[in-house]
Every structure is written in C-alpha cells, then in structure tokens.
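Observations on the model geometry
Take a look at the letters that make up each chain.
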Amino acid sequence: MAAFLWNPFPVLMLTVRQFAGGKAVRVVGAISLFPVLFGAIYAFDPGIEIAEYFISEVIYRRLFIATLLPIIVLILATGALGNEIEDQTLPYLTLKPIRRLRIVVEKLAATVLVATPLVFAGLTLAYLLVYRSEAGGSEALTYLWAMLTSAFFGIVAYGSVFMLISLLIHRALLAGITYALVWESLLGRYLPGLRLVSIRHYTESIYVGLLDTETYQFIAARGDPLEDANSVAAAVITLAVVSVIAIGLSGRRLRRLNLE
Amino acid sequence: MSRLIRNRAKTPPSVMVSTVASPVALLSTEPTIVLEHVSKWYGDLVAVSDLSFSIGPGVTALLGPNGSGKSTTLKMISGLIGQSTGQIAIKHLPPRGAPETYRTFGLVSDVDQLYPYLTGREFVRMNALLQRMPEPDEAGRRAIDIVEMNYAADRRLGGYSKGMRQRIKLAAALVHDPDVLLMDEPLNGTDPAQRAHMIQLIRDFGKMGKTLLISSHVLIEVERFAENILVIVNGKLAAAGNYHTIRERIDNRPHVIRLRASDPRLLGSALLAEPSIRSIKIDEAGRILAETSDARSFYALVPGICRQNDVRLFEIEAADESLESVFSYLVQR
Amino acid sequence: MAIEGQYVPVGSSDGAFGEVYDRGYQHYEGSRLGRGHAVHALTTYSMRRALGSKKSWTAKVVPALMYVAAGLMVVIPLGIRAFLDDASVVEYWDYFFSIFVVLGVFVATIAPEMLCNDRSENVLTLYFSRAITRMDYLIAKLVGTALLTLTITLVPMVVYWLGRQLLEDSPLSAMKDNAGDLWRVVVMSLVTAFYLGSVALMISSFTGRKSIAVAVIIVAFLVVSIFSLTLTEVVTDQDVLPYLAILNPLRLVGEFSYGLFGQTMEDTEFGKPLSVWAYAGAMLGTVVFCCGVMYWRYVPAD
Amino acid sequence: MTATATRIEVPHAPTPDLGLPAAESVIETRNLTKRFGGVVALDHLDLEVPRAAIGLLGPNGAGKTTLIRLLLGLSRPTSGSASVLGMDTGAEGLKIRQRVGYMPESDVLPSNATAADFVGHMAEMSGIPKVHARQRAADVLYHVGLDEERYRLIKGFSTGMKQRVKLAQAVVHDPSLVFLDEPTAGMDPSGRDAMLELILRVYRLMGMTVVLSSHILEDIERVCDYVIIINGGKLVLSGPIGKTAVDTQEIVVRINSDPQQFMDRLATYGIHEVRLATKGLVTPYPELIVGHGSDAVYDAIRDTAADLGVPLRSLRSRAHSLEEMYLNAVEAGALELESPEEQADGD
C-alpha cells in the first residue's frame, strides 16, 4: 500500500511496514480503544455525569493524557529505532549515503503517521458515544478539536523524546514507562516544580487553552483545574523546541553510534 | 598516496620470515583500501594494534583465529565502528563521518536478521533507493538476477533459509554496483550447491577488477576463490600477500612432502643421498614423508631418481603447502 | 587395566606395583531416574536462577530488596509490640494489603526470569530435547514460581504469627488459642502466591524479552486497578459494585484476607463485600485461566 | 576439485552393546512423511541407518532438521513411522530422548549461567541424580576441551567454546546415539580440527553412534564413513563414503611448466586421454587430469617429467569427491523450496 511513498521516503515506509507487520500496532490499537470503552459505558448510562465533564476530565485528562498517550507513543517510538538496533539491521540504513538526521526524522514521521490515526479514531469514537445522547452543537465540537490538536502535539513531543531515549539506553521501553507513569503522573501531582519539565503539562495547557474559558471554567470548578497553565502559544513553542532538540541529539547520537 | 611509514614489523619467533621488504604490505599498484597504524581498544582490551596494510583490486581473504581482531577490522573498514587511532580510507574517503563513502562499497555482514515483513525485491529496492540510484527497480532486478534469486524475490524474508538470506544480502550490497565489496563469512550456512555458486560469483567479481575483502574460516573454500590473504593474529598483521609466496618465506619450517611409491624403502634410501633432504620418515602404510630445505629442486629430482631405480611413483604432494598448513604455522605463538 | 576400587598398595609394595589409570571418558554406570527427578530438578534450578544464583550481581538486587522489605514489615511491628505492650499492632488481614506493592514487584521480577530467557535464548530447544514433556516444563515453572512467592508471603507471616505468640505471657497456650489464625495465614499465603504467580507467569509466557514482560505485568496490574477504580465512579447500582473489586488485584487480595478472618472492610468505593468464597473462587478461577493460556502457548508440539 | 581431506586417525575402542543385535540398524523410517500446511518437508522417506559415523547432507530446507526433530520424538509424523534404537518415535519419545543426545545448530545456551552449572542441570534433566550430574558435567566439559573456563559465565564464551559446551550437554548423559547439527559452523580452523577430533572420539572412544549434519563436506569426509543425502524431503542417496573402485579414479597432475609441452610428451608414451582442469583451486601451477590410473600411466607421467626435467609439484589419484557426488545427487540448480523448517521452529 502507498507504494508511491517508497521513493521519496524509504525509511518512513520501512518503519510503517515494520509497525504494521509486528505486534506494535495491535497493542497500540488495543490501548487506543480504551477511551471508546469508557464512552460506551457512559452511553449505556448517561445520567451519572454531564457529558462535558466526563469526556474532558475523566476520559481525556485523567485516563488518556495521564497514562494512555505516553504508553502508545512510547511503544512505537522506542520500537522504531530500538528494534533496528537490537536486531542489528540498522547498518542497512546508516551505511548509506544519506544524512543520519534524515533517518531520525523519517522514523519519527512514521511513528506520528501510525500513532495519530489510531489516537484520533479512539478519541473521536469516544466523543461521539458520549455526545450521542445530547445535542452537542458547535460549542461541544470545541472539545473534540481541542483534544485532537493537543494530542497531536503530545504525540510529536513524546515521540522525539522517547526516540532519543531509545538511542541512549538499552532498555528504552522500561525507562519510558517509568518516565511516563512515575515521573509525570505521580510526581507531577506532588512536586509542582516538575511541571516545567513534563511534556504532559504542556499538552494539557494546549488542550485547556484551546477550550474557550467560560466552558472550561464551569467544568474545571468540578474537577481539579490545571494550575499555572501556559498559554497555547507558549506551550506549542516549548513542545516544538523540545522536539527539535531531541531530534538533533538523536541525529548526533546516530552519527557516533558504534554498531558492534 | 599518503607518505609511506616505516612499519616496524617485528617477526614472531615461530615464523622466521626473510626480511620484510616493503614497509607497508602493498598488495598491488593502485590500492583501494588503505589502513595506516589503525588500533582499536575497549578499555584495557586491545582488539587491534597498529595495523597497516593496503588492498588493491582482486579477491583478498581476511583470515585469523577467533578473537584475533579480524571481524573488528572488517567492522572498522566498513564504518560500523570507529577506530581508536590511525586512518582508514576506501578510495581515499574515510568510512566514518562522510556518508558519500558508502556509495563506493557494499557490505555483506554476518548478521542474520533482516526485515522479515519485507519481500526480497522490496528489500533490495529499498537499498537501491537509499543509495539514491536513478533507476531503483532496474538496479534491484539486475542485482537479484546476479544472485539468481528471482524465484524467491517476491517471498517474505521471514521465510528465507540461511542460504537464501546470504544471497539476498549480497544482492542488496551489489545494487549500486560498488567497486569494493566487504564480506563477513559470506559462505556461512550455505549448502554446497549455493556455495559453489557464491564462489563462482566472487571469482567473477575479482576478475572484473572489483576489490573484494572476504573474511572466512573454511580455508579449503578460501583456496578456491582467493590467492591473496591477510592474516591477523592477536590484533597484529601476521602475513600478507600470496599464500604460496608466504609459504616460501617461512623458511624455518622445512618443506614436508608426502610420496607413495612401489618400493618405498628403495626410494627412501635413494632420496637420502640428496644433500637437500633433511629427513625421511616411512609410516606403517608405506608412505614416505620427506623433509627438504629446497622444495623446488626436490620436485625436479624425484622423477629422475624413480626412473633410475625403476620405482613406480603413485603419489607426490606437498604435505604442508595448503592454506591450512600455512595458516597453522602463522598462528602459532 | 585399572584395579577397580581395591586398596592401592602404593607405599608398602616392594616396587612391584605401578599402574596407569584411564582418565579418558567413562561410561555412566550409575542409576538413571525418571521424569519425576527431571521435573524436580527443573523446579529447584528455576527457583535458584530466578533469585539470581550464579548470575551477575545485578540479577540478585531486586529479589533481595523485596525480601528485606517483607522482613521489615514483620520485624518492625513485632519490635514495637515488644517494647510498648499496648501499641496497636498490624493485623494479619492487613498485612497483605500493606505489602501488596512489594509482592507485586517481586512476582513481576521472578516470573519473567522463569520463562523469558528460555524463550529468547532458545534454551527451550534443549529442554524439549531432554526426557521431559512440555507439560512437565510448565508444571515445574508454575510450582517453582508459587514456591518462590510463598517464601515472601508465607514465611514472613508465619514468623510474624510466631513472634506475636512469643510476646504473649504464656506463649504455649497462646499458640493453641491462635492456631486458628495460623491455618488462615497459610491458606491466605498459598492462594495469593498461586494467584499472583500464575498471572505474572502467563504474561511472561508471551514474550522473550524480560524487560517487556516486567513492564507489561506492572502496567497490567496498574491499568486494571485504575480501570476498576474509575468504573466505581461510573457504575452506580449497588449490587454490581462489589463485583468490580474482583477486577482490582489489590482489593481482591485485601477482601479475601478480611473475609478469611471474618473481618469486614470499612465501607469503601466497592460497597458491601461479597462472601470470602466469591473472592477465593475469583482468584482460583484466574489461576486456572492463566494455566489454560500457558498450556495453549507452550504445549501444542508441532 | 577439492583435495581429499586427510583422515583423522583415532585408536578404536570396543563399541559397547546397545542392547541391540549388532546387525540391527540404529535408525529406521518407513515411508515417513511430514507436511507443514501445503509444504511437504519429508516425503515417504525410507531409511536404515547402521551403527556408524553418519553424514546427513542436503540443501537448506531439504528436511534435515525436520527429520532430526521427528527422530527425537519432538514432533509427530503426518504419516509413516520411525524408530530409534528399536523404539518407536511416536510412542516412546521420552525413552528415546533419555538415551539420545542432540546438539542443535542455533545458539541455545543461556548467557547468564556458568557452563558447569548449566551442563550439570542438563544432566539432571536426563535423569542423572544430582550428585553424579555435577561430577559428570565437570568431566565431560574437560573432555570437550574446556578447563577452568567451564566455571565462567557463558556470555563471555567464543563461538568455539559455545560449540564445545553444546557438544558437552549432548553427551553428558552418556547417550547411545548423538545428533550433531552443524557442529563446526562459525569455528576457526584450529577449533574445527579440535571439534572434528572430539566427534571422532565420541564415536570411536565413547562408542556412540553419531549423526553429523553439516554443510562443510570436508568435515564429513574427515569423520564419517556413511553418508545420507536428502533433497526435497526424499532420500536421494545413501551409502558408505569413498569406497569406489581404484581404477575408475582419475590422476591429477600439477607441474611447474608449460602444460602443452607436457601433454605432447605424454602422447609419445601413448597417453592421449589428458585434459587441462579449469575450475579447481586458484593455483599458480596448471593442473592436468589424466584418464585412468593404470601402472603404465603412472610410469609414463614419471618418465615425461624426468625427460623434461620439469618439477612435478603434485601427483595423486582422485576418487569422485564427496562434493561431486553431492552436486550430481542434488543437481545444483534444484529449486529451493519454501523452507518449512524455519517457519515451523520460529514462533
């Protein structure tokens, strides 16, 4: 499929085929179905909570951004380069007259290309199930738009950082899980200072920023509002800078890598 | 050509080699691959120490016992790992740091894993694309033809046997028609039929003027595709060049020649009369083992002596001129 | 020929004795035991290996830490009780509840050690070419895991029970009265060991890479717990609520302990607890399910 | 073609009785068939393997590994039957595996264990009591050539040392039959010689029947005295090695001078059946192949060399090398089947 893409981006297509061929996509697909499961439960008994609160606070912020998003991107990003290093097939890419940076960028693009549709599908389905019973109207649509945009930035940022980790240490998957679960969700809650360093915080800032304030005030009052959220622009720029730095470091690391 | 540096070749005691003529072992006029004072160490483990040699067009076999630094050297030449000191150049380009170098050579590594989800054709075509070939399909088809893998080209690599994997890896290394081919144990795991085909390919490429550097362990096969050898022992260059000439150079080991004749006792005593014969042994099967310091004249004398004494000669063969014997002399401590 | 087994008169003989013995390969004349011995050998070997014997030190770190943690959980309350008689003491039924994390990490470390290396390093080929069947292999690994888990559940608990009896004024009579607690402790440890062990083993049977197995076991426990907790917010009718506890391993173990000792947990998000048999059934059901999955994963020969 | 390999001489020890009448073959198969989905790995194979050092040959994917797994009772045949040491592989797989050793081709050793510990464990897995297992493991590891390394972690071992540990675990429980799959793959020359000598000791000294599957024909020639060639799951050739009649052998002559002059001179002695060898070794000396080996021909060659005063570098008679036998049997261009074995094993 998509044979025309091979010529301009061989590494990208190789990685997409790698994901499609392996267990990665199935595992990631299953995880991205979690929000849909919750949407279905809500649709089964909508009385318990108002739609906006359930989709925004329960599904998106607590379930998706806190645990699912990092794990989804982690599995794909560490697999993209990590598997090639472990299977010793990386020389087929590095011993070629192309720049190492391009390998990293195409690998990242493949990760985003595979993660985004799965994540978007999961979230949109959950959204539809939750809003099935109520006339959502345009105002409700802003939730969907905010979720998808912030999720996308999250994918790109997490992707580049986890890819860099997979080049630096051997057991990248384990390190990634500790980072996502321990660092961001647990410590993030108790040590406010960590916020500056956690990708999750910026992703949430984008989400909150995109929701126009009145709708969100009403929701936030019920749940736990996001303290000192950055503005959307600031958050987007930060994530972009983090990604670019991670990609640059990955390229440099790939140049120096000794492939025993 | 970079200036020639005196290579202080200290000869190991077991192999008394007449003085090393050229400072850097030059195997041909226009060298393709040049190594100067290359060393590699991991902490206090010295894998390769002060290696200097150059290789020209034709087939050169890279030999050495396990752990001698042989595969480390090949990995440094191909740019997989960086050397600790010294310079390496393939057609004047460094294998690490300059992606352009990878246009000039192809590597067939001893790593067995490939991309199981790609078919053979896709894999070779991807290599062509990465080499920025103008006509990737055409290049892929040509490479697959050369290694005779058309019948399996559209099967997934996951279902390939070891021999098929070796050949598709060769196709991937050939796809950009490089002048230099580096091959690490290419015959490993191939069955006799595939091996005969692979050896023929190697010989043809050698004749075409390509430079091939091939590491291998099965010396009886190396004899069938390479005359030039590079022997690395304990991280140092033990010998370089044509292995027959190298055998001549090893003059502290008298040449042992095995003979079988109708009357071994008679022939044996007749041979002892020759001054160049060091010793004669006759084993219980009646075979004669003669040690001589001057092999060349010995071979010329034997037919005459046999005729004079009316002894029928059934067999005459150098017992220690095969590559295996030369190798075993070179690797002894 | 060598003189078999006779006293070798070296010193005293008049120089007539001199013998060269054949050090070459000898045939094995000793006894050959059957499958039972092989399975026993595999069980003990797997247990030793899982704890990192004859491995580099890094493999020993985590299990050792967990033992220390479990040990402290027992020694500290006993110590406090020894000095301050009336101090409130950790109850048996609370014990597992409190050290569940230690238990989880322990099991998540040793279960992958049991299975993953054999698969990733292809040692399975050697095992299955020996005189055992694939079923024997599985039984040995399951029993090995359970026994190991017992060392961190049953042993500390029995020590704790013993400690508390000794602290009584007349230890012997105390022992008789509290015997009831002892067998409950044993049952509790056994069921929990098999429950956690089989779940971890099942997950480890799917991959050759230990790191992935450890990660997935931890994530699985966490995700299921979060999932069941989140569900409690959603599900409102009371009779469905308690069944959610079965989904949450920590809650399940806790409820089972409480039920076994006739205690009832204070009203939690899971509503009123079910009978102890429900929880025991859930645990044993999980064990059977995991064994079925492992059987499907390992046994079909060719 | 290739020079015939020199045979390794190892003193003969009395082979112990296997509880089998001497004549009975060690392995027998009756139209043994094995299918993986559409692909036929073994196709009505009829075999009778005598008690000897047997070479098992065949292209990749010919069915060798499948045959070994069937004989070990590890997989069930689709149809037909097989018996090892008189026991049926389907019914008595366990009993067979207790008296048979298997050295697989691939890497099967745990990296994070010591050789002595692991081989001792494998001995126990074959029914040897714990006390004896430790001691036998140390003995066998010594005999395969590992001294103090046997107490170190396997992950630091070279390819040669790992092959020796694999051989050790295959013979530690003193089996009567041993399957060796590519024992010398990836080993350097001195390692290969040592391993071949070990295999001969296992056969001669230990009296174990050896089935050696290898792609390096020189190893087979040096060690085995019986060969079985399989291709496409069918038996293509089986019989003793190198027992062809002397007179059918060609004479190979290598001289250090102009071959044409030598051939003309030979003609004067009435020898015309001479041709210049083309493929053969890459050697500086031209190689002539002379028709058949009668005494007159030998004299003629000797006298020609004496007349011309030409150095006679090499003169030997050559039976069809095993490689020729193999290539004719397998016709080099045989279409390579989808290799069922690889899929069957890899999960």
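Residues numbered from 1 in each chain as written. Chains lettered and ligands numbered in written order. Predicted model: local features only at pLDDT ≥ 70, side-chain atom pairs only at ≥ 80, totals over all residues. Heavy atoms only, no water.

On to the pairing of strand β3 (residues 45–55) of chain B, then. All names here are of chain B. Counting buried residues along β3, 8 of its 11 residues qualify, which places the element largely inside the surrounding structure. Sheet topology note: the strand β2 (residues 33–42)/β3 ladder contains 7 bridges and is antiparallel. From the neighbouring strand, valine 34 faces β3, where its bridge partner is serine 54. The hairpin turn running from β2 into β3, its antiparallel successor, is 2 residues long, and glycine 43 in that turn takes a positive phi close to 65°. (Buried < 20%, exposed > 50% of the residue type's maximum accessible area, 1.4 Å probe, protein only. Helix = DSSP H or I, 4+ residues; strand = E, 2+ residues; numbered from the N terminus. Pairing = 2+ DSSP bridges.)

With that settled, consider the pairing of strand β10 (residues 234–240) of chain D. Residues and elements named next belong to chain D. Note: strand β9 (residues 226–231) against β10, 6 bridges, orientation antiparallel. Each residue of the ladder has a partner; that of valine 227, found in β10, is glycine 239. Between β9 and β10, which pair antiparallel one after the other, the connecting turn spans 2 residues, and glycine 232 there sits at a positive phi close to 60°.

This brings us to the confidence of the model for chain D. All names here are of chain D. This prediction gives chain D a mean pLDDT of 79; 83% of its residues lie at or above 70. Here helix α11 (residues 340–345) stands out as the least confident element of chain D, with mean pLDDT 38; helix α3 (residues 115–125) is the most confident, with 93. Taken as a whole, residues 1–21 scores under 50 in pLDDT and shows 45 contacts with residues more than four places along the chain or in a different chain. Note that pLDDT drops below 50 for residues 332–347; the model gives that stretch 40 contacts with residues more than four away or on any other chain. Here the predicted complex scores 0.77 on pTM and 0.73 on ipTM. (pLDDT = per-residue confidence, 0-100. Contact = heavy atoms within 4.5 Å.)

All right, on to helix α2 (residues 120–130) of chain B then. Most of α2 of chain B sits out of view: 9 of its 11 residues are buried. When we look at burial in α2 of chain B, the residues that qualify are Gly120, Phe123, Val124, Arg125, Met126, Asn127, Ala128, Leu129 and Leu130 of chain B. The elements touched by buried residues of α2 of chain B are α1 (10–21) and α5 (91–94) of chain A together with α3 (136–146) and α4 (162–174) of chain B. Of the residues trailing α2 of chain B, arginine 132 of chain B is marked for its positive phi of about 55°.

Moving on, we come to the interface of chain B and chain D. Taken together, the contact between chain B and chain D spans 53 residues of the former and 57 residues of the latter. When the two sides are added together, the surface that chain B and chain D hide from each other amounts to roughly 4500 Å², 52% of it contributed by carbon and sulfur. The largest contributions to the chain B side of the interface with chain D come from Pro192, Arg224 and Arg307 of chain B, which together make up 13% of the buried area. At the boundary of chain B with chain D, the tally comes to 6 salt bridges. When the shortest N-O distance is used, the salt bridge between aspartate 295 of chain D and arginine 312 of chain B registers 3.6 Å. There are 8 residue pairs in polar contact (both at pLDDT 80 or more) connecting chain B and chain D. Elements with a contribution of two residues or more to the side of chain B that touches chain D: α4, α5 (192–207), α6 (219–222), α7 (243–249), α9 (295–308), β14 (313–318) and α10 (323–331) of chain B. In terms of residue count, α9 of chain B provides more of the side of chain B that touches chain D than any other element does, 7 residues in total. Looking at the side of chain B that touches chain D, its residues break down into 22 nonpolar, 13 polar and 18 charged. (Buried area = accessible area lost by both parts, 1.4 Å probe. Salt bridge = Lys/Arg side-chain N within 4 Å of Asp/Glu carboxyl O. Polar contact = N/O pair within 3.5 Å; in protein donor to acceptor, adjacent residues only side chain to side chain. Nonpolar A, V, L, I, M, F, W, Y, C, P; charged D, E, K, R; others polar.)

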